[in-house]
Amino acid sequence: MKTQRFTVTAETNATYYQMPRWLMQYAADKYLCCESVVLYTIMLDRVRMSRANGWQNENGEVYIYFKREQMMQLLNCKKDKLSRVLRELASNNLLDLEKGGMYHANRLYLRYPDAQEYKPVVKHSESCAIPQTEYPVNNPPETDANLTKVRISRQVMSVFPHT
């Protein structure tokens, strides 16, 4: 594959997965493996598509259908590794599986932490420190307001949300 360096004027037609920042912190706090973070991010993308297609239960909860064979192919892993990844997401209360019954596919429901209950804490270890970048209020980073939400405190604007 031929690659190029990004330039100021470079245009790219690439599509991207959006990974929530809390997920990276959750991985650091709860010790999720990288495959769990990647699979959750891919599932989150599918949740967005399911929401657009109206795939919801009677309670308004959005579900996805995702074959294990597709998950194994995307993660480039075997069945036992995928089982561990799914178990890890379920044990950290980030995934619910609803059995579909005979001749029906299982429904997967993604979960996310409640903002009031989950307080991210940045670990200060040399091997996995996640820096918190701060900008003075009078000199905020240039962002597209439609794509990025930044919470502003009285004196400092932080890239990480404060809850």
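Numbering of residues starts from 1 in every chain and runs along the sequence as written. Given that this is a predicted model, residues contribute local features only at a pLDDT of at least 70 and side-chain atom pairs are listed and counted only at 80 or more, while totals for whole chains, interfaces and linings are drawn from all residues. Think of the side-chain values as coming from all heavy atoms in the structure, minus any hydrogens and water.

Asks: What is the right way to look at the packing of aromatic side chains in this model?
Replies: Describing an aromatic ring pair means giving the distance of the ring centres and the angle of the ring planes. Stacked, tilted and edge-to-face are the three classes applied to pairs of Phe, Tyr and Trp rings, where Trp contributes its six-membered ring and a pair requires centres within 6.5 Å; stacked means planes under 30 degrees apart, edge-to-face means over 60, and tilted covers the rest. Scanning the model with the defined rule gives five aromatic pairs in all. Relative to Tyr 40, the ring of Trp 22 lies with its centre 5.7 Å away and its plane at 75°, an arrangement referred to as edge-to-face. Here Trp 22, found in helix H1 (residues 21-30), pairs with Tyr 40, found in helix H2 (residues 34-53); they are 18 residues apart in sequence, far enough to count as distant. Residue classification places Trp 22 among the partly exposed residues on the basis of a relative accessible area of 23%. The class of Tyr 40 is buried, set by a relative accessible area of 2%. A centroid spacing of 5.5 Å and a plane angle of 70° characterise the contact between Tyr 63 and Tyr 65, whose relative ring orientation is edge-to-face. Residue Tyr 63 is classed as buried on the basis of its relative accessible area, which comes to 8%. Overall, the relative accessible area of 30% leaves Tyr 65 in the partly exposed class. In this analysis the charged atom, NZ for Lys or CZ for Arg, is taken to sit over a ring once it is within 6 Å of the ring centre and within 35 degrees of the ring normal. Directly above the ring of Phe 66 sits Arg 46, whose terminal nitrogen or CZ lies 3.9 Å from the centroid. Elements are defined by DSSP. Helices are runs of H or I of four residues or more, strands are runs of E of two residues or more, and each kind is numbered from the N terminus. When accessible area is computed with a 1.4 Å probe and restricted to protein chains, residues below 20% of their type maximum are described as buried, those above 50% as exposed, and intermediate ones as partly exposed.

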